[in-house]
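# Understanding the architecture of this molecule
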Amino acid sequence: SADDMKSLLLLLPTVLLFSGCATSSQSRDATLMQRFKQADADGNGQLSRTEFSDALITDAYPLYDKTGKGYFTLEEFVAGGGTEASFRDLDRSGTGRVTLADVKVNQRARDQFSQPFDGADTSRSGQLTYDEFMAYRAAAAPYVR
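In what follows, the accompanying structure is described. What you see is a predicted model, and the numbers here were worked out from it, not measured in a lab.

### Description of the nonpolar core
Soluble globular proteins tend to pack their nonpolar side chains together in the buried interior. Ranked by internal contacts, the top residues of the largest apolar core, which has 27 residues, are Phe72, Leu90 and Val103. Where this core is concerned, the elements lending two or more residues are helix 2 (25-39), helix 3 (49-60), helix 4 (74-79), helix 5 (84-90), helix 7 (107-120) and helix 8 (130-140). Discounting residues that sit within four places of it in the chain, Val103 has contacts with Ile57, Tyr61, Phe72, Leu90, Val98 and Ala109.

### Description of the side chain of Asp91
Take Asp91: it is sitting in the loop between helix 5 and helix 6 (100-105). For the buried Asp91, which has no salt bridge, the nearest side chain bearing the opposite charge is Arg88, at an N-O separation of 4.4 Å. In this view, Asp91 contacts Gly96, Arg97 and Val98; residues no more than four positions away in its chain are not counted.

### Points about the side chain of Asp121
Counting through the fold element by element, Asp121 comes out in the loop between helix 7 and strand 2 (127-128). Here Asp121 is in contact with Gly126, Gln127, Leu128 and Glu132, once residues within four sequence places are set aside.

### Remarks on the environment of Leu100
Turning to its location among the elements, Leu100 is positioned in helix 6. Along the sequence, Leu100 and Gly70 sit 30 residues apart, while their C-alpha atoms lie 7.3 Å from each other. With near-sequence residues (within four places) excluded, Leu100 lies in contact with Ile57, Thr58, Tyr61 and Gly70.

### Quick look at the packing of helix 3 against helix 7
Running from N to C, helix 3 and helix 7 cross one another at 120°; their axes reach a closest spacing of 8 Å. In terms of orientation, helix 3 lies oblique with respect to helix 7. The element helix 3 and its partner helix 7 pack so that their crossing is right-handed. When helix 3 is examined against helix 7, the residues Arg49, Thr50, Phe52, Ser53, Asp54, Leu56, Ile57 and Ala60 are found in contact with a partner set consisting of Arg110, Phe113, Ser114, Pro116, Phe117 and Asp118. Classifying every residue of the contact of helix 3 with helix 7 by side-chain character gives 7 nonpolar, 3 polar and 4 charged.

Cut-offs used in this document
Residues take numbers from 1 onward in each chain, read along the sequence in its written order. This being a predicted model, a pLDDT of at least 70 is required before a residue's local features are given, and a value of 80 or more before pairs of side-chain atoms are given or counted; all residues contribute to the totals for chains, interfaces and linings. With hydrogens and water set aside, each side-chain value is computed from the structure's full complement of heavy atoms. Grouping buried Ala, Val, Leu, Ile, Met, Phe, Trp, Tyr and Cys residues that are joined through side-chain atoms within 4.5 Å yields what is termed a nonpolar core. Each residue is assigned to one of three classes by its accessible area relative to the maximum for its type, calculated with a 1.4 Å probe on protein chains only: buried under 20%, partly exposed between the two thresholds, exposed over 50%. Put simply, DSSP H or I for four residues or longer makes a helix, DSSP E for two residues or longer makes a strand, and each gets a number counted from the N terminus. In what follows, a contact means two residues having at least one pair of non-hydrogen atoms within 4.5 Å. We count Lys and Arg on the positive side and Asp and Glu on the negative side, and we leave His and both chain ends out. Here, a salt bridge means any Lys or Arg side-chain nitrogen found within 4 Å of an Asp or Glu carboxyl oxygen. Here the axes come from fitting lines to C-alpha atoms, over the contacting stretch only for helices, and the angles between their N-to-C directions go from 0 to 180 degrees. Roughly parallel means an angle under 35 degrees; roughly antiparallel, over 145; roughly perpendicular, 65 to 115; everything else is oblique. The hand of a helix crossing depends on one turn: near helix anticlockwise from the far one by less than a right angle means left-handed, and clockwise means right-handed. Ten residues, namely Ala, Val, Leu, Ile, Met, Phe, Trp, Tyr, Cys and Pro, are considered nonpolar, four, namely Asp, Glu, Lys and Arg, are considered charged, and the remaining ones, Gly among them, are considered polar.

The structure is reproduced here in structure tokens:
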């Protein structure tokens, strides 16, 4: 259902901010700086809502496409916590395969992945600075295993 998809997608951004981070704080900070720079597609030193959601979608995608084949199936999506209804919403072409491009053009996915942006953008500038990104990450830390 839409609620299942919403619940799943709301958890992913927080989890993804920490996934793959090294254990030392210096390494973790360097990893996060690298991820921030990668997400900053226009290189202006800040993340727009679009850059933020694109980065989170890209980071979340391998949770379902675990083999890196370029798509995930219904079975993989359900095994990752999704529902059949949510999969059908993502699989607009009806091929039984969802690519990263499919997710990035799905408005519901974009809306869900951009929701944490509002909380992170404390200056309300419409752009996330690295400091805002790090503050959001620190605030989310208690909720991540």
